Amino acid sequence: MSRRYLFTSESVTEGHPDKICDQISDTILDALLTEDPKSRVAAEVVVNTGLVLLTGEITTKAQVNYIELARKKIADIGYIDADNGFSANSCAVLVALDAQSPDIAAGVNAAHESREQASDEELDAIGAGDQGLMFGFACNETPELMPLPISLAHRICRQLAAVRKTGQLPYLRPDGKSQVTVIYEDGKPVGIDTILISTQHTESIGDISDTAAVQAKIKEDLWTAVVEPVFADIRVKPDSQTRFLVNPTGKFVVGGPQGDSGLTGRKIIVDTYGGYSRHGGGAFSGKDPTKVDRSAAYACRYVAKNIVAAGLADKCEMQLSYAIGVARPVSMTIETFGTAKVDEERLLEAVQQIFELRPAGIIQTFNLQNLPAERGGRFYQDVAAYGHLGRSDLDLPWEQTDKVPLLKEAVSQQLSAAAR
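The structure presented is a predicted model; accordingly, all values stated were derived computationally and were not measured.

A few words now on the packing of aromatic side chains. For any two aromatic rings, the description comes down to two numbers: the centre-to-centre distance and the angle of the planes. According to the stated counting rule, one finds 15 aromatic pairs in the structure shown. For the ring pair phenylalanine 137 and tyrosine 273, a centre distance of 5.8 Å and an interplane angle of 75° mean the geometry is edge-to-face. Note that phenylalanine 137 is positioned in strand S5 (residues 132-139) and tyrosine 273 in the loop between helix H8 (268-271) and helix H9 (292-309), a separation of 136 residues in sequence. Residue phenylalanine 137 is classed as buried on the basis of its relative accessible area of 1%. Ring centres 6.2 Å apart and planes at 50° place the aromatic pair tyrosine 184 and tyrosine 276 in the tilted group. Pair noted here: tyrosine 184 is in strand S6 (residues 172-185) and tyrosine 276 is in the loop between H8 and H9, with a separation of 92 residues, a long-range link. Owing to a relative accessible area of 0%, tyrosine 184 belongs among the buried residues under this scheme. The exposure class assigned to tyrosine 276 is buried, which follows from its relative accessible area of 17%. Put simply, the rings of Phe284, Tyr298, Tyr302, Phe355, Phe366, Phe379, Tyr380 and Trp398 pair up and form one aromatic cluster. Between the NZ or CZ atom of arginine 3 and the centre of the ring of tyrosine 5, over which it lies, the distance is 4.4 Å.

Right, let's get into the sheet that holds strand S3 (residues 51-59). Strand order in the open sheet made by the 4 strands is S4-S3-S2-S9, with mixed pairing throughout. The open sheet has two edge strands, strand S4 (92-98) and strand S9 (262-263), and neither has a second partner. Sheet topology places S3 next to S4; 7 bridges connect them, and they run parallel. Bridging across to S4, glutamate 57 finds its partner in aspartate 98. Helix H1 (residues 17-35) contacts strand S2 (40-48), S3 and S9 of the sheet and is inclined by roughly 150° relative to S2.

Assignment of secondary structure puts phenylalanine 366 in helix H11 (residues 359-366). Expressed as a C-alpha distance, the spacing of phenylalanine 366 and proline 397, which sit 31 residues apart in the sequence, is 5.5 Å. Contact partners of phenylalanine 366, with chain neighbours within four places excluded, come to Tyr298, Ala299, Tyr302, Pro397 and Trp398.

Another point: the confidence of the model for the protein chain. Averaged over the protein chain, the pLDDT score is 92; the fraction of residues at 70 or greater is 92%. Confidence drops under pLDDT 50 across residues 110-115; counting only partners more than four residues distant or on other chains, this segment forms 13 contacts.

Note: strands within a sheet are paired through backbone hydrogen bonds, in either parallel or antiparallel orientation. Pairing in this open sheet of 4 strands is mixed, and the strands run S1-S6-S7-S8 from one edge to the other. Each edge of the sheet is formed by a strand with only one pairing partner; in this case those strands are strand S1 (4-12) and strand S8 (243-246). Across the sheet, the mean angle from the axis of one strand to that of its neighbour is 15°, orientation sign disregarded. Sheet analysis places S1 next to S6, joined by 9 bridges and oriented antiparallel. Residue glutamate 10 lies in a different strand from S6, and its bridge partner there is glutamine 179.

What follows concerns the pattern of salt bridges. Counted by the stated rule, this structure contains 22 salt bridges. Residue arginine 266 pairs with aspartate 18 through a salt bridge whose shortest N-O separation is 2.9 Å. Residue arginine 266 is located in the loop between S9 and H8, and its partner aspartate 18 is located in helix H1; the two are separated by 248 residues in the primary sequence. For arginine 266, a relative accessible area of 41% translates into the label partly exposed. Aspartate 18 sits in the buried class, given a relative accessible area of 2%. Here arginine 243 and aspartate 193 are joined by a salt bridge, their closest N and O atoms 3.5 Å apart. Residue arginine 243 is found in strand S8, and its partner aspartate 193 is found in strand S7 (residues 188-201); the two are separated by 50 residues along the sequence. For arginine 243, a relative accessible area of 49% gives the class partly exposed. Three or more residues are tied together by salt bridges with common partners; here these are Asp18, Arg266 and Lys267.

This next bit is on the state of the cysteines. Two cysteines, two sulfur atoms, one covalent bond between them: this is a disulfide. Under the criterion given, the structure shown has 0 disulfides. Looking at the unpaired cysteine 21, the closest cysteine sulfur is the one in cysteine 91, lying at 11 Å. According to the relative accessible area criterion, cysteine 21 is buried, its value standing at 0%. As a non-bridged cysteine, cysteine 157 has cysteine 21 as the owner of its nearest cysteine sulfur, 17 Å distant.

Time to look at the pairing of S6. Each regular strand displays side chains that alternate between the two surfaces of the sheet. Counting buried positions over the 14 residues of S6 gives 11, a clear majority of the element. Strand direction decides the pairing type here: S6 and S7, joined by 11 bridges, are antiparallel. Bridging from a neighbouring strand, serine 178 pairs with isoleucine 197 of S7. Adjacent in sequence and paired antiparallel, S6 and S7 are bridged by 2 residues, among which aspartate 186 carries a positive phi angle near 50°.

All right, on to H1 then. Here H1 contains 19 residues, and its C-alpha end-to-end distance of 28 Å stays within 8% of the 27 Å for a straight helix at 1.5 Å per residue. Counting buried residues along H1, 17 of its 19 residues qualify, which places the element largely inside the surrounding structure.

Where H1 meets helix H2 (residues 66-77), the axes come as close as 9 Å, and the angle between the chain directions of the two elements is 130°. Judged by the angle between their axes, H1 and H2 are oblique. Here H1 and H2 pass one another in a crossing that is right-handed. Note on element contacts: H2 touches H1 through Tyr66, Leu69, Ala70, Lys73, Ile74 and Ile77, opposite Ile20, Gln23, Ile24, Thr27, Ile28, Ala31 and Leu32. Considered class by class, the residues forming the contact of H1 with H2 number 10 nonpolar, 2 polar and 1 charged.

Reading the values: the criteria
- Residues numbered from 1 in each chain as written.
- Predicted model: local features only at pLDDT ≥ 70, side-chain atom pairs only at ≥ 80, totals over all residues.
- Heavy atoms only, no water.
- Phe/Tyr/Trp six-rings, centres within 6.5 Å; stacked < 30°, edge-to-face > 60°.
- Helix = DSSP H or I, 4+ residues; strand = E, 2+ residues; numbered from the N terminus.
- Buried < 20%, exposed > 50% of the residue type's maximum accessible area, 1.4 Å probe, protein only.
- Lys NZ or Arg CZ within 6 Å of the ring centre and 35° of its normal.
- Pairing = 2+ DSSP bridges.
- Contact = heavy atoms within 4.5 Å.
- Axes fitted to C-alpha atoms, helices over the stretch in contact; angles between N-to-C directions.
- pLDDT = per-residue confidence, 0-100.
- Salt bridge = Lys/Arg side-chain N within 4 Å of Asp/Glu carboxyl O.
- Disulfide = S-S within 2.5 Å.
- Expected span 1.5 Å × (residues − 1).
- Parallel < 35°, antiparallel > 145°, perpendicular 65-115°, else oblique.
- Left-handed = near helix turned anticlockwise from the far one by under 90°.
- Nonpolar A, V, L, I, M, F, W, Y, C, P; charged D, E, K, R; others polar.

Following this line, the structure appears as structure tokens:
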């Protein structure tokens, strides 16, 4: 008997209060690593009406203007009008930063050195920046090998920001959310049950001031300018049975930090797989790559994506765990949810042979400390909104599928040996 069920994921725009914080945190990280690749960073940001607080622990030789970095990022997001309750030029920016604890640094200080030509012994000597567990996931539901619900939710939010910034829908303001509910049958997406968009907007639109008329106009515009372009190249599309909800409370004028406070690291499910896969609990933004919460989660995605891209499983979840100051993972596990084409133990053996999963090795593989010059000082801030994973619009090292040939070869050899 076929099983039919619904699964929902959400995304938020770059103007959401929590995402403002994530982007400022990662803008600070980008600036520090650009000047000093050895910077140790755990930058946290809080925003509220008219207020930005920069806090956390940073050890660096870089000289940057934290207040200027925050204001510029806020302006880039679109908060430039004081009438919106929060503006780059008028908000107060407070700085309360400390140095990293020497007890934490003790186990990973060697990671400050250049790892471009690190030996195997050196990689073993550089421990993880913290304990913790991380997950990575991939599935064949989309070209970028991400779950369809979160992929669609991100696309909608990115399009929502695009039509605001280009002036196509000039009455939109920066804060917004999307939510997509996908219909599944036997584990495969077959339809769209509900599309929900909540977007901040001006009180009136041109000469339209009646609340009901404003909402009707927004709903019509969003379907044409946002939903239709997003689904243009998607196989599973909304139909006459799909519910389309827009600003369900009636209006969304007061938003951004004026409407709700924001905090770095509070959108970890939006940042990853939309709840479709498990999560280790650690946030990404504001953390330098010696923190395995970030770098090892990217490595887990890299492993899972290459396994699915190689056709060795339809779905794959990779888990790693680490101890602070210890280089090699404490544990590693692969789960393919019954979709593997080969034995999971053999897959795990191949992963251990092919992938570098020690913290310093991950940093070296993905070049996470020495930011590419062609990016112009931008790298981490670009993934701080609309997801860190599955980003086909960005050239991210953990999204490469260059290990596919090696995986196929390793599994083929193991299968041949088992058959003899």
